Amino acid sequence: MQKAKIMDEKAIGRAITRISHEIIERNKGIENLVLIGIKTRGVPVASRIADKIEAIEGQRIQIGEMDITLYRDDLSKKQIDPVVNSTKIDFDITDKTVVLVDDVLYTGRTVRSALNALMDVGRPKAIQLAVLVDRGHRELPIRADYVGKNVPTSRSEIISVKLIECDTEDSVSIEE
């Protein structure tokens, strides 16, 4: 049951714009910079950031997709036969600054899995993290470099991110 809608389409757009500008500023441009979206909803968020960076810088940034299913430490709790989507990184990440992109940062376990998966692909110069929503409750020492919105939640609440690429609307809400 939806408790509160915390971001609508415009708020998500503003957050993407802000994150894009912060990425460009912190990295002093986009040279040797790539984005990798964590499936599922991190991929469209990364794509939107790439579109915004292209609009600002006039140059397309490389973007990849990462499936971390087999790297999860809770895989046995989730299901017997995990659904594995493909990882698509069609470029070398060695000596690049990689910005991992996800929709929600919660315990940090998804990001830890993504870091492990990324190291199997190559050896980046640096790894940064961009998330649309940081809801707290970290179990691992992981912090996002770029955050669209900080949303304090209780552990019993759920952050529901809906993106037009995956769902029928753009919204972020708290559910119970």
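Residues numbered from 1 in each chain as written. Predicted model: local features only at pLDDT ≥ 70, side-chain atom pairs only at ≥ 80, totals over all residues. Heavy atoms only, no water.

### Points about helix 4 (residues 109-121)
With 13 residues, helix 4 extends 19 Å between its outermost C-alpha atoms, agreeing within 8% with the 18 Å of an ideal straight helix rising 1.5 Å per residue. Within helix 4, the full set of buried residues consists of Val111, Ser113, Ala114, Ala117 and Leu118. Mapping the buried residues of helix 4 onto a view down its axis gives an arc of 155°, with all of them on the same face. Close packing links the buried residues of helix 4 with strand 2 (33-38), strand 3 (62-66), strand 4 (97-105) and strand 5 (126-134). (Helix = DSSP H or I, 4+ residues; strand = E, 2+ residues; numbered from the N terminus. Expected span 1.5 Å × (residues − 1). Buried < 20%, exposed > 50% of the residue type's maximum accessible area, 1.4 Å probe, protein only. Arc of directions from axis to C-beta. Contact = heavy atoms within 4.5 Å.)

### Some words on the packing of helix 1 (residues 9-26) against helix 2 (residues 42-57)
Packed helix pairs are specified by the crossing angle of their axes together with the interaxial distance, meaning the distance between the axes. Running from N to C, helix 1 and helix 2 point in directions that differ by 60°, and their axes come no closer than 9 Å. The angle between the axes of helix 1 and helix 2 places the two elements in the oblique class. Note that helix 1 runs across helix 2; the crossing there is right-handed. Note on element contacts: helix 2 touches helix 1 through Val45, Arg48, Ile49, Lys52, Ile53, Ile56 and Glu57, opposite Ile12, Ile16, Thr17, Ile19, Ser20, His21, Ile23 and Ile24. Here the residues of the contact of helix 1 with helix 2 are counted per class, giving nine nonpolar, three polar and three charged. (Axes fitted to C-alpha atoms, helices over the stretch in contact; angles between N-to-C directions. Parallel < 35°, antiparallel > 145°, perpendicular 65-115°, else oblique. Left-handed = near helix turned anticlockwise from the far one by under 90°. Nonpolar A, V, L, I, M, F, W, Y, C, P; charged D, E, K, R; others polar.)

### Digging into a positive patch on the surface
On the surface, Lys10, Arg14, Arg18 and Lys149 cluster together into a patch of positive charge. No other element matches the three residues that helix 1 contributes to the positive patch. The exposure class assigned to arginine 18 is partly exposed, which follows from its relative accessible area of 36%. (Patch = residues over 30% accessible without salt bridge, like charges linked within 9 Å, V, L, I, M, F, W, Y side chains within 5 Å. Areas by Shrake-Rupley, 256 points an atom, 1.4 Å probe, with all protein chains shown as cover. Salt bridge = Lys/Arg side-chain N within 4 Å of Asp/Glu carboxyl O. Lys, Arg positive; Asp, Glu negative; His and termini not counted. Charge placed at Lys NZ, Arg CZ, Asp CG, Glu CD.)

### Looking at helix 1
Between its first and last C-alpha, helix 1 extends 26 Å over 18 residues, near the 26 Å set by a 1.5 Å rise per residue. What helix 1 keeps buried is the set Ala11, Ile12, Ala15, Ile16, Ile19, Ser20, Ile23 and Ile24. Of the residues trailing helix 1, lysine 28 is marked for its positive phi of about 50°.

### Focus: the UniProt feature "short sequence motif: PRPP-binding" (unreviewed entry) in the protein
Residues given the UniProt feature "short sequence motif: PRPP-binding" (unreviewed entry) here are residues 98-110. Secondary structure over residues 98-110 splits into 15% helix and 62% strand, and the C-alpha atoms at its two ends are 16 Å apart. (UniProt positions renumbered as here; feature names shortened; annotations may be inferred.)

### A look at the sheet that holds strand 1 (residues 2-7)
If you trace the three strands from one edge of the open sheet to the other, you get 1-8-7, paired in antiparallel fashion. A strand with exactly one partner marks an edge of an open sheet, and here the two such strands are strand 1 and strand 7 (158-162). The mean angle between the axes of side-by-side strands here comes to 25°, regardless of whether they run parallel or antiparallel. Pairing of strand 7 with strand 8 (residues 171-175), which is carried by five bridges, proceeds in the antiparallel orientation. Note that in strand 8 the partner of lysine 162 across the bridge is serine 171. (Pairing = 2+ DSSP bridges.)

### What to know about the pattern of salt bridges
Counted under the stated rule, the structure contains 13 salt bridges. Between glutamate 54 and arginine 60 there is a salt bridge, and its shortest N-O distance comes to 3.2 Å. Relative accessible area serves as the criterion here: at 32%, glutamate 54 is assigned to the partly exposed category. Among the ionic pairs, glutamate 139 bridges to arginine 109, the shortest N-O distance being 2.7 Å. Note that glutamate 139 is positioned in the loop between strand 5 and strand 6 (146-150) and arginine 109 in helix 4, a separation of 30 residues in sequence.

### So, the side chain of serine 160
Along the polypeptide, serine 160 turns up in strand 7. Among residues more than four places away in sequence, those in contact with serine 160 are Ser171, Val172, Ser173 and Glu175.

### Some thoughts on unusual backbone geometry
Look at the link from lysine 39 to threonine 40: it is a cis peptide, with omega at 15°. For threonine 40, the position within the fold is in the loop between strand 2 and helix 2. Notably, aspartate 95 is not glycine yet its phi reads approximately 65°, a positive angle. You can see aspartate 95 is positioned in the loop between helix 3 (75-78) and strand 4. Positive phi is not limited to glycine here, since histidine 137 has a value of about 70°. For histidine 137, the position within the fold is in the loop between strand 5 and strand 6. Take histidine 137: its relative accessible area is 25%, and that puts it in the partly exposed class.

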